[in-house]
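Inside the fold
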Amino acid sequence: MTFVSTSRRSRYPWLVVCAAAPWYGSAVQAQQNVETTAGGIQEVIVTAQKREESLQETPIAISALTADALAARGITDYQGVAATSPSITFTVYPSSPNTFILYMRGQGVSDAMQVTTDSAVGLYQDGFYISRPQLVTFDLADVERVEVLRGPQGTLYGRNTTGGAVNLISKKPSGEFGFKQELGFGNNGRIRSLTVLDLPKWGGLSAKLSLLKRQQDGFVKNIGSSHDFGEEDQTAGRLALRWDTGGPFTADYFHERGDLNSTPTYYTNPALVGLIPGYRDSGRPESRTYRAFDLPESKGKFETHGLTLAWNVNDALTLKSLTGYRDMNVVYQQDYADTFFVGFRSYDDVGSHQFSEELQAVGSLLDKRIDYVAGLYYFDESVRHYETVRISNVLNPYLPPGTLMMSKDRNVGGESKSKAAYAQVTWTPPVMNDRLSLTFGARYTQDDRSATRTQLNQALVPPYGFIPIGREPAPGLINANSVKSSRFDPSFTANFSWTDDVSTYLRVATGYKAGGSSESVDIGQFGHTFKPEDVKVFELGLKSYFLDRRVRVNAAVFDSKFDDMQMFFTTNPIDTSIVLAINAGKATVRGLELETLWQPVEDLSFNLDYTYLDAKFDRVLAPAGTIFDPAVNPYSPFRVGQDITKVFVMPYAPQNSLNAGVNWTFLKLEKGSLTGMLNYRWQDKVFDTAPAGPAVPGRNFYSRPAFGLVDARLSWKTELANENRVRVDLWSKNLTDQKWRAQVIGQGSPIAMPDPNTGYTTAAPAGWTSQAATWAERRTYGVNFVYEF
């Protein structure tokens, strides 16, 4: 049965609603999570604006992937989700493969390990904020859909979403008996098992249980007896409960627990070839280490609770309460394999305990001419980060190899509280046949953040031995800080439907990234804080169907202005790991985002997603107390307050990125189908640090070259007796076995600094002089089996 409605009172005035397609579906259904009819493409429903809306009716830049789309692409984690969006740039953190450096529209945070700073991309699970990037590579088990919101989301999502937000929505218990078992095997010892048991409703209570096991061997073999580089072992479970008696009240609760153990990636540096006997760097991923390393396993645990209560007061008002708690503890251990010309080992113990409460009112007024959402939000997080660094001799001929030369022990604890009130109202005035809608939004937030630090730095000072060179706390030294701020973030959107299939919108939005402090400032400087970073964006968007809804084109052009940008500056010309965070920059990020889908016939579809970024600093002035200050660095060519904009570049902001794919169901039987998928991802050159601007010699040592990757998948689906279903997937990622750098760390300095090789009595030339790099895993492949009833 098919219904068509053009009434304003309909929630989806031009949406074609149809009966569900068969389980084996069509090509476009698998690729974009859409159902199809002879009339073309039907969109998914999203909740990006806290209410159910069609993707095409939501006047923001948003992408949605649901269970079918994720399965068709073989996406099982946030990394896979990030790879589908050209607006997202990501890499693993140097000491941890399950901590992301995540940027969207050129915005993020480069040092994701610091617990006194925040990211610019908000991660959410079922509407609950995930504050720390550690352990975010957990498996996306039993997901209903993932929504990627691009651009500032300051009104409805609040702070730390100046780049955008990613929201994972899990499947709720169905109240009917169901069972699903996935079992996958691949190269490098890959194993993935997902078991989902959906139980029948008892009274008004439905329950679902999910169990996950996932592991892989390391892809760089350690020639010693310790762990290999690149291992992963993940175990997790989820219990979901839903209370629904058919009345106005519903309750949804979930509880997750997981263990995620891993080892870091392996770094190499071609500058060491010939300096260290037996050292190898072939300009490609190494299959084994050049010597034995003692590499302990990094172990992490997380636990999450979420409770959502909903009361449908009447057809025009729903009240909700979202109560969330997340506990995360992880220890990371890394050996950088001598790539910094010294032995460099790090140990990080990170913990986060967060609680949040959100009250929402979602409703409509005046015969649905006004839709609104309003809410109150409270967030409280306590964090800790204990870090040790051990630096030992590798090349100094006057010391035995392995001699400990320096150690740092730092312990940081902090607390962050945030309170907010927000509202968003959409008005459809009785003009122009109800094709115009105007949306007004605002959010007021108060933040309160504090931190304390203890630190001990020691060094080998011949002939005195190993002695302290810095200690905190100490008399007269500040080892605590606090920062309070408030922000008002308004937004406005005008949306006009030119036809039932074409609409455009103009959006003006604001947002901010919260203030904080740098963990790694010099002894006695921990009292320094930085204030929030602000953004305002002007965005013009298009949502459209063409050719009888067999072509979908969505686009957005935007101009984002950033003020008081939070930037990190080295403050010690001898120890470049000591950095101070300062609000020192202004920047502009302009861009174009294009998403297209073409379905010429029911079983064949093509998609092309493209992002263009023009990201640049508008102004950076040399701050006092940093290496740009001649009082700190006598070899600095600048003076305090001088324009140093050309020293900097916007990191993790490739100019061009795209995803292109084809999905073809080329064989259909009465109860089965065979579908092939091919996807290509391209990303331009990116810089992995900010001080690598056009004025810096050797800037390309801190960049990663452009790369293109091909993924392929072949899926056989069949329906057995009694509605039992089976799917078998053959897959490969990086099918053409491309070699590409996952992350790089440049050696040197953006400006002239004292030269350690001459006892710091002369200047070392400005510029980056070599590159330590970790390479991404090469071609992977495997088979996946799914049984479901």
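Residues numbered from 1 in each chain as written. Predicted model: local features only at pLDDT ≥ 70, side-chain atom pairs only at ≥ 80, totals over all residues. Heavy atoms only, no water.

**Here's the deal with the overall build of the protein chain**
Helix and strand counts for the protein chain stand at three helices and 41 strands. In terms of overall dimensions, the protein chain is globule-like: its C-alpha atoms have a radius of gyration of 27 Å, near the 28 Å expected for 789 residues. Overall size of the protein chain, expressed as C-alpha extent along the three principal axes, is 90 × 50 × 50 Å. Pairs at least 24 residues apart make up 68% of the contacts formed inside the protein chain by residues separated by at least 6 positions. Taken as a whole, the protein chain presents about 31,200 Å² of accessible surface, with 59% of it coming from carbon and sulfur. The averaged location of the 83 negative side-chain charges in the protein chain is 2 Å from the averaged location of its 78 positive side-chain charges. (Helix = DSSP H or I, 4+ residues; strand = E, 2+ residues; numbered from the N terminus. Rg over C-alpha atoms; globule rule 2.2 N^0.38 Å. Contact = heavy atoms within 4.5 Å. Areas by Shrake-Rupley, 256 points an atom, 1.4 Å probe, with all protein chains shown as cover. Lys, Arg positive; Asp, Glu negative; His and termini not counted. Charge placed at Lys NZ, Arg CZ, Asp CG, Glu CD.)

**Comments concerning the sheet that holds strand β17 (residues 267-268)**
Across the sheet, which stays open at both edges, the three strands sit in the order β17-β40-β37 with antiparallel pairing between neighbours. Each having just a single partner strand, β17 and β37 (741-749) make up the two edges of the open sheet. Where β17 lies against strand β40 (residues 767-775), two bridges are found, and the strand directions are antiparallel. Bridging from a neighbouring strand, Thr-268 pairs with Ala-773 of β40. (Pairing = 2+ DSSP bridges.)

**Remarks on the side chain of Asp-327**
Considering the arrangement of structural elements, one finds Asp-327 in strand β19 (residues 317-335). Buried and without a salt bridge, Asp-327 has Arg-384 as its closest oppositely charged side chain, separated by 7.5 Å. Non-local contacts of Asp-327, meaning those with residues more than four positions away in its chain, are made with Lys-301, Phe-302, Glu-303, Ser-352 and His-353. (Buried < 20%, exposed > 50% of the residue type's maximum accessible area, 1.4 Å probe, protein only. Salt bridge = Lys/Arg side-chain N within 4 Å of Asp/Glu carboxyl O.)

**Details of the sheet that holds strand β10 (residues 143-150)**
If you trace the five strands from one edge of the open sheet to the other, you get β5-β10-β11-β8-β9, paired in mixed fashion. Looking at which strands have only one partner, the edges of the open sheet turn out to be β5 (62-66) and β9 (128-130). Across the sheet, the mean angle separating the axes of adjacent strands is 20 degrees when strand polarity is ignored. Pairing analysis gives five bridges linking β5 to β10, with the strands arranged antiparallel. Across the sheet, Thr-66 pairs through a bridge with Arg-145, a residue of β10. (Axes fitted to C-alpha atoms, helices over the stretch in contact; angles between N-to-C directions.)

**Things to note about unusual backbone geometry**
Looking along the chain, the bond that leaves Glu-472 and enters Pro-473 is cis, with omega of 5 degrees. Although it is not a glycine, Ala-337 adopts a positive phi angle of roughly 55 degrees. Relative accessible area serves as the criterion here: at 0%, Ala-337 is assigned to the buried category. Despite not being glycine, Phe-341 shows a phi value in the positive range, around 70 degrees. As for its position among the elements, Phe-341 is in the loop between β19 and β20 (343-365).

**Digging into the packing of aromatic side chains**
Centre-to-centre distance and the angle between the planes together describe a pair of aromatic rings. Using the criterion set out here, one finds 31 aromatic pairs in the structure. Considering the side-chain rings of Phe-179 and Phe-789, the 5.7 Å spacing of their centres and the 35 degrees angle between planes classify their relative orientation as tilted. Residue Phe-179 is found in strand β12 (residues 178-186), and its partner Phe-789 is found in the segment after β41 (780-788); the two are separated by 610 residues along the sequence. Three or more aromatic residues link up through ring pairs in this structure, and these residues are Phe-229, Tyr-266, Tyr-279, Tyr-290 and Phe-293. Residue placement shows Lys-50 over the ring face of Tyr-157; its charged tip is 4.5 Å from the ring centre. Geometry around Phe-558 places Arg-105 over its ring, the cationic atom sitting 3.8 Å from the centre. (Phe/Tyr/Trp six-rings, centres within 6.5 Å; stacked < 30°, edge-to-face > 60°. Lys NZ or Arg CZ within 6 Å of the ring centre and 35° of its normal.)

**Quick notes on the environment of Asp-244**
In this structure, Asp-244 sits in strand β15 (residues 232-244). Sequence spacing of Asp-244 and Asp-603 is 359 residues, and the spatial spacing of their C-alpha atoms is 38 Å. For Asp-244, the contacting residues outside a window of four places in its chain are Lys-201, Gly-204, Phe-249 and Thr-250. Engagement of the side chain of Asp-244 in a polar contact is seen with the backbone nitrogen of Gly-246, the distance being 2.9 Å. (Polar contact = N/O pair within 3.5 Å; in protein donor to acceptor, adjacent residues only side chain to side chain.)

**Let's talk about the pairing of strand β13 (residues 190-202)**
Bridging between β12 and β13 involves nine bridges; their strand directions are antiparallel. Across the sheet, residue Gly-186 finds its bridge partner in β13, namely Arg-190. Between β12 and β13, which pair antiparallel one after the other, the connecting turn spans three residues, and Asn-188 there sits at a positive phi close to 55 degrees. Looking at chain direction, β13 and strand β14 (residues 205-216) are connected through 10 bridges and run antiparallel. Bridge pairing in β14 places Thr-195 opposite Leu-211. Count of turn residues in the β13/β14 antiparallel hairpin: two residues, of which Gly-203 carries a positive phi of about 65 degrees.

**Re the confidence of the model for the protein chain**
Mean pLDDT over the protein chain: 91, with 95% of residues reaching 70 or higher. Taken together, the stretch residues 1-38 has pLDDT below 50 and engages in 119 contacts with residues farther than four places along the chain or on a different chain. (pLDDT = per-residue confidence, 0-100.)

**Points about the pairing of strand β21 (residues 370-392)**
Taken together, the 23 bridges between β20 and β21 define a ladder with antiparallel strand orientation. From the neighbouring strand, Gly-343 faces β21, where its bridge partner is Ser-392. The hairpin turn running from β20 into β21, its antiparallel successor, is four residues long, and Leu-366 in that turn takes a positive phi close to 55 degrees. Pairing of β21 with strand β22 (residues 404-427), which is carried by 23 bridges, proceeds in the antiparallel orientation. Pairing of Phe-379 across the sheet is with Ser-418, part of β22.

**Brief notes about a nonpolar patch on the surface**
Residues Trp-664, Phe-666, Leu-667, Leu-669, Leu-714 and Leu-730 make up a contiguous nonpolar surface patch of about 560 Å² in total accessible area. No other element matches strand β31 (residues 656-668), which puts three residues into the nonpolar patch. On the secondary structure map, Leu-730 appears in strand β36 (residues 725-733). Residue Leu-730 is classed as partly exposed on the basis of its relative accessible area of 48%. (Patch = residues over 30% accessible without salt bridge, like charges linked within 9 Å, V, L, I, M, F, W, Y side chains within 5 Å.)

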